[in-house]
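Spelled out, the chains give:
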Amino acid sequence: MANRKASRAVDIAPRSLAEVRTETVECDLLIIGGGNAGCFVATEAKRLDPSLRVVIMEKAEIMRSGACSAGMDALNTYIPEGKTPEDLVRWSRAQVGGGPLREDLALSNAEELNEAIDDLERWGLPILRDENGKIRYRGKWDISIHGEQLKPIMAEKAIEAGAEVYNRVVGTGLLMDGGRCVGAMGLGVRDGAFHVFRAKSVVVSTGGAGTLYKSYTADSTDSGAQIWMCPYCVGSGYAMGFRQGAELSSLEQRWVATRTKDFCGPVDTISVGYKAPIINCKDERVMSRYAHLGGDAAPRFIRANAPMEEWLAGRGPCYCDTRNMAPELVQAMMTDYLNERPSFVLFLASRGQDVTKEPIEIYGSDPYIMGGHTMGGFWVDMQRMTTVPGLFAAGETAGGNPNKFVGGCAAEGKLAARGAIAYMAAGLETPDEAAVSAQVESEKARVFAPLLRGKDYDGVTPTEMKERLQRLMDEYAGGSSQFYRTNEERLDYALRHIKMLQSQFAYLKAADLHDLMQANETMDRVDVAEAVVHHLKARRETRWAGWQTRSDYPGRDDANFDCFVETRRDPATGEVTAFTRPYEQLVPGDRFKA
Amino acid sequence: MPPRILTEKCNGCEGLPESRCEEACPGNLMVVDAATGKARCRCTRDCWDCMSCTKACPRAAIETRIPYQLGYHKASLRPIMGKEHITWKCVDIHGVETTYKYRNRLAVAPAIRTDKDA
């Protein structure tokens, strides 16, 4: 077991590719991304077979990497006594407006869920319990935690289980043998080396994709990354798989959520946890307008979109009305924030705001692709294998199965580990060495090209291209400035410009290794954005207003679109095609009710 | 301007293979400047304000600040890390101080039990 620490940043300026060191590691199971799901892949794989060599390629440092780096205040799903996994699937289905969703995946995840959360508690995560020792529920399914240490707790267990962690290695591409995945490659952002991980199977658990869209706070200020999703999760896992032909599912079901305004903090903490109702500027209860859809318990996308509809109708701003909260409740709410998004407490202090006198303002977030929240991600089978043999997905990267959150991503990590082990046990052919080394050389050239061009090259910086993309997506592919609406013509416009950006990758330049990481991230963002736009184009209806709103097709069209929208990119030509897959209801009951 | 380095306190974690803040930052934003020997943030607008660096600093030499465009001057939030507890001290722009302290870890049994433990 080892947590291989990175070094301090080094300054390298290679004049040619030959000066860039290549380091190769051989392993059985490679995990790309040591986050919530990735840590559980590692612990489960080592538990099942301690002889396996399990390696984690980690972009940051595993103790504080990714979306859980700031901590967590709640686990949104834990099946209470008297409820069943089927009940959880019914709830998840109702939350996404009756589906479609992959009920096969949802059910298998639900069956694994509580055990994964019990693991976390055994590992030292404080779960809040009442005086009788019973877990304290915040809502119907979600429980409160003091999760400031959630990430280090998971990371320590992965290391203790015997996983080897390569920190500060940024995944850039998969290693393929014919159509099968046999490893991955990455950029050592501290050591300046090109890292090659050869593996029998690979789990991609890189998290979702924030930063594809412009945030309304990114107004040429010091607030460029002031978004709800971790801005260092840029969708690289989706991009790596997509470029090699792995099928993506449901990216049009973007995750848009009501968040605190001007500082994109969580709102369920207040509105669900502390029953602070959503009101508009006229003091009207906003969700009462949606009583026929469940009111305060309406599906998540309706709750997300409701405050924005108020703004559009001239009744904004909107608030979570905290004015009637008792002081001990305020203290508890602040503690929740300190556990998940501590700087929100600092934000309120910076506004000098007493929430019992002035309610907390809310607004819609920028859209994210997150298969652990909504369901954009790889199409996977029950083993969590993508359509590329040898490549598995878990957590935010695995699609079709929304409302996983922390517990579900952990559970899915275990399922993917079992799937990968079963795949390896079936016996694998030895890869074609010539083909593997050719790929290593071409990927190395692709990844390092911006650094070889150097900072004085008359080209494009990674930030310039990122911001061009974010503005394009915001205005043409349904960002927050457009109240999430788009249409066929705007999407065609977005696609034309995405093609131009792809053709301009050849102008990207990087001054140092950090810049080089950003150049590669930006290329990943553009490739994922292309898939998102194809998904939005293919769903010619409005099924989940806010998450997915087509102004030219404002209604739901069950005859044509009660199904999954899929995309695949041809690895040889780069051409993206969209198609559908049927939805299958497995758990009986009214699809629109929990 | 999210992480603000108190240069009089920062020693760049001299002697360590990697400074605590550059180790912690999920965005690879913290770096120790070769010329000054002090930590700095490469690009404040890329900061998520997750406070990982602030928690990790052994000399309390990093303060997280909300960008002025979003929040006024000046409030502070200081984490003090204990073994199984965390304490936060928050001062708002009017000088009102609030302290929060709670358990962030449960004591756990060693993962591998020996016969002796049983």
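Thresholds, definitions, all that
- Residues numbered from 1 in each chain as written.
- Chains lettered and ligands numbered in written order.
- Predicted model: local features only at pLDDT ≥ 70, side-chain atom pairs only at ≥ 80, totals over all residues.
- Helix = DSSP H or I, 4+ residues; strand = E, 2+ residues; numbered from the N terminus.
- Rg over C-alpha atoms; globule rule 2.2 N^0.38 Å.
- Contact = placed C-beta atoms within 7 Å.
- Axes fitted to C-alpha atoms, helices over the stretch in contact; angles between N-to-C directions.
- Parallel < 35°, antiparallel > 145°, perpendicular 65-115°, else oblique.
- Left-handed = near helix turned anticlockwise from the far one by under 90°.
- Nonpolar A, V, L, I, M, F, W, Y, C, P; charged D, E, K, R; others polar.
- Domains from an automatic or database assignment.
- pLDDT = per-residue confidence, 0-100.
- Pairing = 2+ DSSP bridges.
- Buried ≥ 20, exposed ≤ 12 C-beta atoms within 10 Å, placed from the backbone.

## Re the overall build of chain B
- The secondary structure content of chain B amounts to two helices and seven strands.
- Counting from the amino terminus, helix and strand elements in chain B follow one another as β-α-β-β-α-β-β-β-β.
- In terms of C-alpha radius of gyration, chain B reaches 17 Å, well past the compact-globule figure of 13 Å for 118 residues.
- Along the first, second and third principal axes, the C-alpha set of chain B runs to 60 × 40 × 25 Å.
- Considering only contacts within chain B whose residues lie at least 6 apart along the sequence, 46% involve residues at least 24 apart.

## Points about the packing of helix α12 (residues 462–476) of chain A against helix α14 (residues 513–538) of chain A
Residue and element names in this part refer to chain A.
- Where α12 meets α14, the closest approach of the two axes is 9 Å, and the angle between their N-to-C directions is 25°. By the criterion of interaxial angle, the relationship of α12 to α14 is roughly parallel. The handedness of the crossing between α12 and α14 comes out as left-handed. Residue-level contacts link P462, T463, M465, K466, L469 and M473 of α12 to D515, Q518, A519, T522, R525, V526 and A529 of α14.
- Here the residues of the contact of α12 with α14 are counted per class, giving seven nonpolar, three polar and three charged.

## Observations concerning the domain arrangement of chain A
Residue and element names in this part refer to chain A.
- Segmenting chain A into domains produces domain 1 (258–364) and domain 2 (434–557).
- The distance between the C-alpha centroids of domain 1 and domain 2 comes to 32 Å.
- Contacts between the two partners involve six residues from domain 1, matched on the other side by six residues from domain 2.
- It is helix α7 (residues 300–312) that provides the largest number of residues to the side of domain 1 that touches domain 2, a total of five residues.
- A breakdown of the residues in the side of domain 1 that touches domain 2 according to their chemical character gives four nonpolar, two polar and no charged.

## What to know about the packing of helix α3 (residues 103–122) of chain A against helix α10 (residues 405–425) of chain A
Residues and elements named next belong to chain A.
- Look at α3 against α10: their axes get within 8 Å of each other, and the N-to-C directions meet at 105°. Looking at the two axes, α3 sits roughly perpendicular to α10. Contact residues: S108, N109, E112, L113, A116 and I117 in α3; G407, G408, A410, A411, E412, K414 and L415 in α10.
- For the contact of α3 with α10, the class distribution of residues is six nonpolar, four polar and three charged.

## Digging into the confidence of the model for chain B
- Averaged over chain B, the pLDDT score is 91; the fraction of residues at 70 or greater is 91%.
- Per-residue pLDDT, averaged within each element of chain B, yields its smallest value for strand β1 (residues 3–5) of chain B (95) and its largest for strand β6 (residues 85–91) of chain B (98).

## Re the sheet that holds strand β9 (residues 180–188) of chain A
Residue and element names in this part refer to chain A.
- If you trace the four strands from one edge of the open sheet to the other, you get β2-β10-β9-β8, paired in mixed fashion. The open sheet is flanked by β2 (22–26) and β8 (169–177), the only strands paired with a single partner. Going from strand to strand, the sheet's axes swing by 25° on average, the running direction of each strand aside.
- Those strands touched by helix α5 (residues 236–243) are β8 and β9, and its axis lies near 20° from that of β8.

## A short note on the domain arrangement of chain B
All names here are of chain B.
- When cut into domains, chain B gives domain 1 (1–64) and domain 2 (75–118).
- Each partner contributes residues to the interface: domain 1 has five residues there, and domain 2 has four residues.
- Each residue belonging to the side of domain 1 that touches domain 2 can be placed in one class, and the counts come to one nonpolar, two polar and two charged.

## Points about the interface of chain B and chain A
- At the junction of the two partners, chain B supplies 45 residues and chain A supplies 49 residues.
- Only α1 (20–24), β2 (30–32), β6 and β7 (97–103) of chain B provide two or more residues apiece to the side of chain B that touches chain A.
- The element contributing the most residues to the side of chain B that touches chain A is β6(B), with four residues.
- In terms of residue class, the side of chain B that touches chain A is made up of 26 nonpolar, nine polar and 10 charged.

## Observations regarding the environment of P389(A)
Residues and elements named next belong to chain A.
- Mapped onto the fold, P389 is located in the loop between β17 (377–378) and β18 (391–393).
- A count of 16 C-beta atoms within 10 Å places P389 in the partly exposed class.
- For the pair P389 and R90, spaced 299 residues apart in the sequence, the C-alpha separation amounts to 31 Å.
- Excluding residues that lie within four positions of it along the chain, P389 makes contacts with G179, R180 and C181.

## Observations regarding the sheet that holds β17(A)
Residues and elements named next belong to chain A.
- Taken in spatial order, the four strands of this open sheet run β17-β12-β21-β22, and their pairing is antiparallel. Only two strands of the sheet have a single partner each, and these edge strands are β17 and β22 (576–582).
- Pairing between strand β12 (residues 248–249) and β17: two bridges, direction antiparallel. Across the sheet, the residue bridging to S249 is G377, located in β17.
- Packed on one face of the sheet, α14 meets β12, β21 (563–569) and β22 and runs near 50° to β22.

## Some words on helix α2 (residues 85–95) of chain A
All names here are of chain A.
- Regarding α2, the residues found buried are L88, V89, R90, S92, R93, A94 and Q95.
- Lining the buried residues of α2 we find α3 and α7.
- G97 sits one or two positions beyond α2 and adopts a positive phi of about 60°.

## Concerning the pairing of β21(A)
Residues and elements named next belong to chain A.
- Most of β21 sits out of view: five of its seven residues are buried.
- Where β12 meets β21, two bridges bridge the pair, whose relative direction is antiparallel. Residue L248 lies in a different strand from β21, and its bridge partner there is T567.
- As judged from the seven bridges shared by β21 and β22, these two strands associate in the antiparallel manner. In the strand pairing of β22, F564 is matched with R581.
- Between β21 and β22, which pair antiparallel and follow one another directly, the connecting turn spans six residues, one of which, G574, has a positive phi of 80°.

## Considerations on the environment of T542(A)
All names here are of chain A.
- Looking at where T542 falls in the secondary structure, it is placed in the loop between α14 and β20 (549–550).
- By C-beta crowding, T542 is classed as buried, having 20 other C-beta atoms within 10 Å.
- As a C-alpha pair, T542 and F392 span 150 residues in sequence and 31 Å in three-dimensional space.
- With sequence-adjacent residues up to four places away left out, T542 is seen in contact with Q548, T549, R550, Y553, P554, G555 and R556.

## Things to note about unusual backbone geometry
- In this model, G316(A) is joined to P317(A) through a cis peptide bond whose omega is -5°.
- Locating P317(A) in the fold gives a position in the loop between α7 and β15 (318–320).
- Residue K74(B) follows H73(B) across a cis peptide bond; omega there is -20°.
- Relative to the elements of secondary structure, K74(B) occurs in the loop between β4 (62–64) and β5 (76–81).
- In the Ramachandran plot, R384(A) falls in the positive-phi region, its phi being about 70° despite a non-glycine side chain.
- Locating R384(A) in the fold gives a position in the loop between β17 and β18.
- Under the C-beta neighbour-count criterion, R384(A) is labelled buried, with 31 such atoms within 10 Å.
- The phi dihedral of M51(B) falls on the positive side, at around 70°, and the residue is not glycine.

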